[in-house]
Amino acid sequence: MARRIDVSGSGGVRLAAWEFADRTHAVDALGRAPLGAVPTAVREPGAGGVLLLHGLMGRAAHWAETARWLSARHRVVALDQRGHGRSEKPVGGPYVLDAYVSDAEAVVERLGLAPVTLIGHAMGALTAWRLAARRPDLVRALVICDMRASALGAATQRRWGEWFKSWPVPFATLADVRRWFGQEDPTLDRPVPARGDFYAEVMAERADGWRPLFFRRQMLTAREAYAHDAHWEELALVECPALVVRGLDGELGRAEAQEMVRVLPQGRYAEVADAGHFLHYDQPAAWRRAAEPFLRAAVPV
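Values in this document were obtained by computation on a predicted structure and should not be read as measured data.

Enquirer: Help me out: how do you make sense of the packing of aromatic side chains in this one?
Expert: Both the distance between ring centres and the angle between the ring planes are used here to describe each pair of aromatic rings. The full count for this structure, using the stated rule, is 19 aromatic pairs. Pairing W167 with F181 gives two aromatic rings, centres 4.9 Å apart and planes at 90°, and the pair type is edge-to-face. Here the residue W167 occupies a position in the loop between α4 (154-166) and α5 (174-184), and F181 occupies one in helix α5, the gap between them amounting to 14 residues. When sorted by exposure, W167 lands in the same class as F181, which is buried. An angle of 90° between the planes, with centres 6.1 Å apart, marks the rings of Y199 and F278 as edge-to-face. Taken together, the residues span a long stretch of sequence, with Y199 in helix α6 (residues 193-200) and F278 in the loop between β10 (267-272) and α10 (279-282) at a distance of 79 residues.

Listed below in C-alpha cells is the structure:
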C-alpha cells in the first residue's frame with residue numbers, strides 16, 4: 001500500500017512523495033509482528049527512514065517492489081522528482097542538479113526521515129550522493145545503483161536528443177509502448193521486455209493516445225546539467241557507509257564502479273548478473289540479494 005504526500009521542494013515546487021507500508025507485516029491482534037519485521041507502530045524513535053530516488057524519466061512507482069521488502073523494517077518514502085511522475089513540471093525549471101538535491105533535502109527534513117538511508121538509481125543516485133556530501137548530518141547510509149561518476153560527455157547528449165526525436169509518440173496502446181521500448185527501439189542490441197514494462201509505467205493516456213508523464217525537452221535539460229561534469233569530488237565527501245551496485249550489462253563498468261568504491265571513504269561493491277541499467281526493476285530478487293545484506297549491516301533497526 002502507498003499513500004501520497006505532497007511536499008514543497010526547492011523554490012516551492014510541488015513534489016509528490018509516496019509512503020509505502022507493507023500490510024503483510026502488520027501486527028496481529030496481540031500486537032505481535034513476524035520475526036524480523038518491524039511494523040511502523042513499534043519502530044524505534046529516531047531510527048530514520050529510507051528515501052528512494054528514481055532516475056531520469058523514472059517515477060516513484062518503479063521502486064514499488066523494493067519498497068515492499070524495505071517497509072518491513074523501515075519507514076519508506078519514494079519521491080517523484082521534479083518534472084517526473086505526479087510532481088510539478090515548471091516550464092522554467094530549474095532542472096539543474098542542485099535543484100534536485102535541494103528537493104531531496106527538503107523531503108528528508110519535512111517528512112522527518114533523518115537520519116535517512118538514500119537509495120538512488122542513475123540520476124537519483126547522483127542526487128543521493130550529492131546530498132550525502134552536502135548534508136552528512138542527515139544521511140546514515142547510501143546505495144548507488146548503476147550511476148557513473150565520470151562525465152558522460154557531449155556526444156552522449158546529442159545521441160539522447162536524437163533518440164527522443166525517434167519516439168513514435170503518441171502510442172496507440174500500452175502494448176505498443178512495451179513493444180517499441182522492449183523490442184523495436186533501434187538503440188537496442190536485443191529484446192529487453194522489462195525495459196518495455198519500465199517505460200509503460202511512465203506513460204499516461206491522452207485524447208490522442210499514450211504519451212510520457214514528462215516533457216522530453218525538460219529531461220534533456222536535466223541531463224545536460226550533469227552530463228558534462230565528473231562527480232568524483234562529491235563522492236569523496238560521502239562519510240556514511242555506501243554501496244555501489246551495478247548490473248553486469250548496465251551503464252556503469254566494473255573498473256569505474258570499483259574506483260568509485262575506492263574513492264568512497266566507506267565504500268562497498270556489489271553486482272547483479274543478467275541485469276542491465278534497470279537492475280532493480282528487471283531483476284528485483286537479485287537486486288534485493290545484493291542490497292539487503294548491506295542495509296541490514298549499515299542500518300540496524
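Enquirer: Any chance you could explain the sheet that holds strand β2 (residues 14-20) here in plain terms?
Expert: Within a beta sheet, neighbouring strands are joined by backbone hydrogen bonds and run either parallel or antiparallel to one another. Pairing is mixed in the open sheet, where eight strands are placed in the order β1-β2-β4-β3-β5-β6-β9-β10. Sheet topology places β1 (2-8) and β10 at the edges, where each strand pairs with a single neighbour. Averaged over all pairs of adjacent strands, the angle between strand axes in this sheet comes to 20°, irrespective of strand direction. Bridge count between strand β6 (residues 139-145) and strand β9 (residues 242-247): four bridges; the pairing is parallel. In the sheet register, C145 faces β9, and the bridge partner there is V245. Along the sheet, helix α9 (residues 254-263) makes contact with β6, β9 and β10, crossing β10 at roughly 155°.

What counts and what doesn't
- Position numbers for residues start from 1 in each chain and track the written sequence from start to end.
- Restriction of local features to residues with pLDDT of at least 70 applies here, the model being predicted, together with a cutoff of 80 or more for giving and counting side-chain atom pairs; totals for whole chains, interfaces and linings are based on all residues.
- Values reported for side chains reflect all heavy atoms of the structure, with hydrogen atoms and water molecules removed beforehand.
- Each Phe, Tyr or Trp ring, with Trp reduced to its six-membered ring, pairs with another whose centre is within 6.5 Å; inter-plane angles below 30 degrees give stacked pairs, above 60 give edge-to-face pairs, and intermediate values give tilted ones.
- Each helix corresponds to a stretch of at least 4 residues labelled H or I by DSSP, and each strand to a stretch of at least 2 residues labelled E; elements are numbered beginning at the N terminus.
- Summary of the burial criterion: residues with accessible area below 20% of their type's maximum are buried, those above 50% are exposed, and those between are partly exposed, where the area comes from a 1.4 Å probe applied to protein chains only.
- At least two DSSP bridges between two strands are needed for those strands to be called paired.
- Axis lines are fitted through C-alpha atoms, for helices just across the contact stretch, and the angle between N-to-C directions can take any value from 0 to 180 degrees.
- The contact definition used throughout considers only heavy atoms, calling two residues in contact when any of these lie within 4.5 Å.

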